[in-house]
Amino acid sequence: MSSVLTETTSRAGASSEVVANDFSLQVATANGSGSQTANSVLMRSIFRMGVPVSGKNLFPSNIQGLPTWFTIRANKDGYIARKRDLDVLVCMNPETADDDVREARAGAFVVYEKKLGLENPGRKRDDLTYYAVPFSELVVKITSAPEHAKLRKLIVNMVYVGVVADLMGIDLEETEKAIAKQLKGKPKAIDLNITAARLGLDYAKANFPSKIPFRVERMNATQGKIIIEGNAAAALGCVFGGATVCAWYPITPSSSLCESFIDFCDDLRIDPVTKKKNVTIIQAEDEIASIGIVLGAAWAGARSFTSTSGPGISLMSEFIGLGYYAEIPAVIFDIQRVGPSTGLPTRTMQGDILLCYFNSHGDTKHPVLFPASPEECFTMAQEAFDLAEQLQCPIFVLSDLDLGMNTWMSDAFPYPTSPLKRGKVLDADAIAKLKGGWGRYKDVDGDGIPYRTLPGTPNAYAAYFTRGSGHDEKAQYTEKPQDWVNNVNRIARKFDTARTMVPKPEIQDPFHAPAGILAYGTSHYGSTEARDKLAKDFGVQLDYCRLRALPINAEAADWMRRHDRIYVVEQNRDAQLVTILRDEFPELATRFVPVKQYNGLPLDATTVIEGVLGDRDQQKQKRTA
Amino acid sequence: MSAQPPAPSPAPAAPKTNHIGLPKADYEGAKSTLCLGCGHDVITKQIINALYEMGLEPHKVAKFSGIGCSSKTPAYFLNRAWGFNGVHGRMPSTATGALVANPTLHGIGVSGDGDTASIGIGQFVHVVRRNLPLVYIIEDNGVYGLTKGQFSATADIGAKQKGGAVNDFIPIDCCSLAIELGGTFVARSFSGDMKQLQLILEAAIAHKGTAIIDVISPCVTFNDHEGSTKSYKYSKEHDTPVHEVGFVPFFEETLAEIPAGDSKEVAFPDGSVLKFRGVGRDYDPTDKEKALKTIHESHGKQEILTGILYVDPSKPTFSELLGATGESLTSLPLEKVRPGREALEEIMESLR
């Protein structure tokens, strides 16, 4: 499809028109050069000025040397999806500077390391505005002490923060506060970094009378909000959701979830009396052992979880089938990345929908939750434990690299007020009353969910034998055809019960339009921005449904039935959710129009707009033909 | 968890009971479906005897297994305990999860040579490294029974399959491997030596870390022929005990079987004592280097060394290394697992 629109039309740059709080800025550096602190400070400075902001780190699968880009989007209306076109570039990386400039949109502003010579004859583009800053010379001034020489590579990053602050109107006081927060407890580092930021600011003041017309102006849209990565938010959800066993194996982009859990537990899960831990966290030898530990712990009655990414789910699949069939609770976070195989391990994708929903061999289906924000990572982690124990089955929480590892502005998390829902567990007294009448896999309540006991329950009738092979209501081994059918049919009934319990969709039907966008997870941001722009700029009114879980519940099904053209936005090649929707709603199959992005980058609104307009053009042509 | 006694069994004429007052019937399980004469059934019987003698409360035992003939056997003992028959080669991970979740449980794991040394070698290695409190029994017959007689990774070099194929690959010796990995209780026994096996099992139950017991357990259907090095006849002929084992559990005071004198003793933290009496060779089960050397030498001499090959009760267990409270994590009250409102507010403030 050819590009049907550009994001920035006759905006600032072409004229001297000032644009307040609406821009996208990208910093290009080399991986491992220590730019992360500077980029976080820059983002937080804008946040502290009350402007909605998001930060996305595009990094390589490498520790040091390969290029990395950090993109900040500030937007007064709260749009925080990635933008295709950049307004301001900070070029610090000689390896990528030429490409960065070549790909810049006409009218963009380029702050660069003077040594790179980007304005030399033959290289300079006439349609860009350049600011050459001798960063490497400047930084020597404040790191002349021998003990500082090694820090130059790091400190130089804070100099560009100062330059950008001056050029774009960021209050340096907020930058200084952001530095103090970022480097809390390291007074010397704070001083040196503040000096660096001032150095940049002063240089820009003295040398660049003409500023960048994209301005940061104070507003009040971030009051009370926080900045956090989705993985840290999910880890907090596990802490407050009462998880007591965690087993994991390192994998990008998931590792920071369990590492955050370790950090939080070091503070929050120490028994006040014994000073010992009331949690157990195991870095296992691989993902197979991780899920084995999780299932063993959950079988014994602990709230347990693991976190991984697509390759880890593949390794876990046999055990997950056992968890499904033996009916053992487990919470599995999948922080999706680009696959198959090693794929692009540091890029984002919504690629594991089918892998998780149908995970394992035989007839299997699992509830899958789709958090779309750090706040949902926090709340859905807690819901996942409740659901796992209530439904006695593995529950997937599908986040992705964009949500898990990038920094997001979020409302502060609400303190959980409901008790932990531990599901149908019989204690010794209950078993004593039932005598021999208890059957581990008996559907007493008609919802498909049986009752279980926990090892150690002091009653002679409480114990049972858990196996992945054929079993009857009493958990006895059986190969009888009817026993098998009865059991798997009951588990299917349980899945219908799950349908009524998983999180309901977010529905926004402002237009009661005949068509709508359906999205999930991080596709929310590009989709909702696109919906607003389609209405405002193209007169195309669309309703919106954000799916928050599988299986599809009645609310989402009703919404789909109400809309005769449904744009399903996903970040994968094969329209994986559409595959599920067409299977479960064959009568609606022709309504679903896949809108996809699968280049490893977070979804942008333009992709959605192009998808919708392209389809409408086709429809029109069909009608006229 | 309280030590409330389980529901009493019908007892017409005061049957013989163990030191916690339970009859042996309370330690039995379902009827075995293995082949008649299977070595595994003998091991099951000795497990029942050992659990009974040690007086474990049945409801406080958790049984774990992987997949294979061996892994079916937890159904054949201790009906009153919970059992978890998991996936092939992954018994150690399910046991790890359950036993860290509830450290008050006694874990008994049963695996086979394929389940441990072939598909499960990774989990075997790591559970030994961690010293998880678990009795880990390998019912070792050198072949896959349920899939009809293929070699496993413990099959000896030159051993003949029933159909005549010869194994060309070096066997994995789970005992020397476990000792290399820092195993704290490593034993080998033979299903044909019931007395030794029971004593080793009792000592393993008293041991607080991982107790690895590789039990040569002939497969009467697929590996009991001429040319097999895991047949009953071959095993009986090559069984070479390194010592006579005696065991005095903490709740007993005397030991009848082994007279005092030239025996070596190893004390367990709970007060139980292991005694060893030499049988014509100088073997010290607390000397790691020498134990490994002796085992390696035995391979060339076609000896199946049996006994407690190495023991060190002093090493910290996984639970101790984790710094956990030691109490069950399965049903902690809400206030222990959900930090207070102010804790969340403090975190939120740090993120503003």
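Cut-off values and rules
Residue indices begin from 1 for each chain and proceed along its sequence in written order. To read the labels, note that chains go from A and ligands from 1, taken in the order they are written. Only residues with pLDDT of 70 or above have their local features reported here, since the model is predicted, and side-chain atom pairs are shown and tallied only from 80 upward, although totals for entire chains, interfaces and linings are computed over all residues. The side-chain figures draw on all heavy atoms in the structure; neither hydrogens nor water molecules are used. Numbering goes from the N terminus for both helices and strands, where a helix is a DSSP run of H or I of at least four residues and a strand is a run of E of at least two. Radius of gyration here uses only the C-alpha atoms, and the compact-globule reference equals 2.2 Å multiplied by the residue count raised to the power 0.38. A simple rule labels every residue: compare its accessible area, found with a 1.4 Å probe on the protein chains alone, to the largest value its type can have, and call it buried under 20%, exposed over 50%, or partly exposed in between. Note on contacts: a residue pair is in contact if any heavy atoms of the two residues lie within 4.5 Å. Throughout, the Shrake-Rupley method with a 1.4 Å probe supplies accessible areas, and for residues the shown protein chains are the sole cover considered. As used throughout, the charge tally considers Lys and Arg to be positive and Asp and Glu to be negative, leaving His and the chain termini uncounted. The location of each charge is read from NZ of Lys, CZ of Arg, CG of Asp or CD of Glu. The span you would expect from a helix comes to 1.5 Å times its residue count less one. By convention in these notes, a salt bridge is any Lys or Arg side-chain nitrogen within 4 Å of a carboxyl oxygen on Asp or Glu. Two strands form a pair only when DSSP identifies at least two bridges running between them. Angles here are taken between N-to-C directions and fall from 0 to 180 degrees, while the axes themselves are lines fitted to C-alpha atoms, restricted in helices to the stretch in contact. Domain segmentation is taken from an automatic or database assignment of domains. Buried area: the sum, over both parts, of the accessible surface (1.4 Å probe) that disappears when the two are put together. Here a polar contact is taken to be a pair of N or O atoms separated by no more than 3.5 Å, where protein atoms must pair a possible hydrogen donor with a possible acceptor and residues adjacent in sequence count only if both atoms sit in side chains. Excluding any residue in a salt bridge, patches collect residues exceeding 30% relative accessible area, merging like charges within 9 Å and nonpolar Val, Leu, Ile, Met, Phe, Trp and Tyr side chains within 5 Å. Classes in brief: Ala, Val, Leu, Ile, Met, Phe, Trp, Tyr, Cys and Pro nonpolar; Asp, Glu, Lys and Arg charged; the others, Gly included, polar.

*Asks:* Would you take a moment to explain the overall build of chain A for this structure?
*Replies:* Along its length, chain A carries 19 helices and 23 strands. The C-alpha radius of gyration computed for chain A amounts to 27 Å, which stays within 12% of the reference 25 Å derived for 625 residues, consistent with globular compactness. In terms of its C-alpha atoms, chain A occupies a principal-axis envelope of roughly 85 × 75 × 40 Å. Among the 625 residues that make up chain A, the fraction classed as buried is 62%. In chain A, the proportion of contacts linking residues at least 24 apart, taken out of those at least 6 apart, comes to 76%. Here chain A displays about 23500 Å² of accessible surface, and carbon together with sulfur accounts for 51% of that area. Side chains of chain A give 71 positive and 75 negative charges; the mean places of these two sets differ by 2 Å.

*Asks:* Explanation requested: the overall build of chain B in the structure shown.
*Replies:* When its secondary structure is counted, chain B shows twelve helices and 13 strands. Against the compact-globule benchmark of 20 Å for 352 residues, chain B has a radius of gyration of 21 Å, which places it among compact chains. In chain B, of all internal contacts separated by at least 6 residues, the share reaching a separation of at least 24 is 71%. Element-wise, carbon and sulfur atoms account for 55% of the exposed surface of chain B, whose accessible area totals about 13800 Å².

*Asks:* When you look at helix H12 (residues 374-391) of chain A in this model, what are you seeing that I'm missing?
*Replies:* Given 3.6 residues per helical turn, the α-helix brings residues three or four places apart onto the same face. Relative to the 26 Å expected for 18 residues at 1.5 Å per residue, H12 of chain A spans 25 Å between its end C-alpha atoms, a close match to the ideal helical length. Backbone geometry just after H12 of chain A places Gln-392 of chain A at a positive phi near 50°.

*Asks:* Where do I start with the pattern of salt bridges in this structure?
*Replies:* If the charged atoms of two oppositely charged side chains come close together, the side chains can form a pair. Residues and elements named next belong to chain A. Tallying each qualifying case throughout the model produces 57 salt bridges over all chains. Here Arg-48 and Glu-174 are joined by a salt bridge, their closest N and O atoms 2.9 Å apart. Here Glu-174 lies in helix H5 (residues 172-182) and Arg-48 lies in helix H1 (residues 35-48), a separation of 126 residues in the sequence. Here Arg-490 ties to Glu-327 by a salt bridge, and the two come within 2.5 Å at their closest N and O atoms. With Arg-490 in helix H15 (residues 481-501) and Glu-327 in the loop between helix H10 (310-326) and strand S13 (330-336), the pair connects residues that are 163 residues apart, well separated along the chain. Within the structure, one salt-bridge network assembled from shared partners comprises Arg-48, Asp-171, Glu-174 and Arg-218.

*Asks:* What is the right way to read the sheet that holds strand S3 (residues 106-112) of chain B from this model?
*Replies:* The strands that make up a sheet are held in pairs by hydrogen bonds between backbone atoms, and each pair lies either parallel or antiparallel. Strand order in the open sheet made by the nine strands is S17(A)-S2(B)-S1(B)-S3(B)-S4(B)-S8(B)-S7(B)-S13(B)-S9(B), with mixed pairing throughout. Both edges of this open sheet fall to strand S17 (465-467) of chain A together with strand S9 (239-241) of chain B, since each of them pairs with a single strand only. Across this sheet, the average inter-strand angle for adjacent strands is 20°, counted without regard to direction. Here strand S4 (residues 134-140) of chain B runs beside strand S8 (residues 210-216) of chain B; their pairing, made up of seven bridges, is parallel. Counterpart to Val-135 of chain B in the pairing with S8 of chain B is Ala-211 of chain B. In this fold helix H3 (residues 91-101) of chain B packs onto strand S1 (61-65), strand S2 (82-85), S3 and S4 of chain B, with an angle of close to 155° to the strand it touches most, S1 of chain B. Sitting on the sheet, helix H5 (residues 121-130) of chain B touches S4 and S8 of chain B, and the angle it makes with S4 of chain B is about 145°.

*Asks:* Sorry if this is basic, but what is going on with the domain arrangement of chain A here?
*Replies:* By a widely used convention, the size of an interface equals the accessible area lost when the partners come together. All names here are of chain A. What the domain assignment lists for chain A is domain 1 (19-215), domain 2 (228-410), domain 3 (428-501) and domain 4 (506-624). Taking the mean C-alpha position of each, domain 2 and domain 4 sit 28 Å from one another. The interface of domain 2 with domain 4 comprises 25 residues on the first partner and 23 residues on the second. On the domain 2 side of the interface with domain 4, the three residues burying the most area are Gln-350, Tyr-357 and Phe-370, jointly 32% of the side's total. Counting across the domain 2 and domain 4 interface gives two salt bridges. Inspection of the region where domain 2 meets domain 4 yields 15 residue pairs in polar contact (both at pLDDT 80 or more). Looking at the side of domain 2 that touches domain 4, the elements that each hand over two or more residues are helix H11 (353-357), strand S14 (368-369), H12 and helix H13 (401-405). With three residues, the single largest contributor to the side of domain 2 that touches domain 4 is H11.

*Asks:* Just to check I follow, could you spell out a negative patch on the surface for this structure?
*Replies:* On the surface, Glu-259, Asp-263, Asp-266 and Asp-267 of chain A together with Glu-342 and Glu-346 of chain B cluster together to form a negatively charged patch. Looking at the negative patch, the elements with two or more residues in it are helix H8 (255-268) of chain A together with helix H12 (341-350) of chain B. Broken down by element, the residue count for the negative patch peaks at four residues, all from H8 of chain A. In this fold, Glu-259 of chain A is placed in helix H8. Its relative accessible area of 39% is what places Glu-259 of chain A among the partly exposed residues.

*Asks:* Can you help me understand the interface of chain A and chain B in this one?
*Replies:* Listed as interface residues are 70 residues of chain A and, on the opposing side, 58 residues of chain B. Summed over both sides, the interface of chain A with chain B buries roughly 5300 Å², with 66% coming from carbon and sulfur. Taken as a group, Glu-285, Tyr-415 and Phe-465 of chain A account for 12% of the area that chain A buries against chain B, more than any other trio of residues on that side. At the junction of chain A and chain B, the tally comes to two salt bridges. Note that Arg-130 of chain B and Glu-285 of chain A form a salt bridge whose closest N and O atoms lie 2.7 Å from each other. Among the elements that make up the side of chain A that touches chain B, the one with the highest residue count is helix H9 (residues 287-300) of chain A (nine residues). Split into classes, the residues belonging to the side of chain A that touches chain B amount to 40 nonpolar, 18 polar and twelve charged. Sheet topology note: the S17 of chain A/S2 of chain B ladder contains three bridges and is parallel.

*Asks:* Mind showing me how you'd approach the sheet that holds strand S12 (residues 304-308) of chain A here?
*Replies:* All names here are of chain A. Strand order in the open sheet formed by seven strands is S11-S10-S12-S13-S15-S14-S21, with mixed pairing between adjacent strands. Looking at the sheet topology across the chains shown, the edges are occupied by strand S11 (280-283) and strand S21 (549-550). Across two bridges, the pairing between strand S10 (residues 245-248) and S12 is parallel. By the bridge assignment, Val-245 is partnered in S12 with Ser-304.

*Asks:* Please clarify how the environment of Leu-305 of chain B should be interpreted in this entry.
*Replies:* Residue and element names in this part refer to chain B. Structurally, the position occupied by Leu-305 is in strand S13 (residues 304-311). The buried category is assigned to Leu-305, whose relative accessible area is 1%. For the pair formed by Leu-305 and Phe-190, sequence separation is 115 residues and the distance between their alpha carbons is 9.6 Å. When sequence neighbours within four positions are dropped, the list of residues in contact with Leu-305 reads Arg-188, Thr-240, Val-242, Arg-281, Thr-294, Ile-295 and Ser-298.

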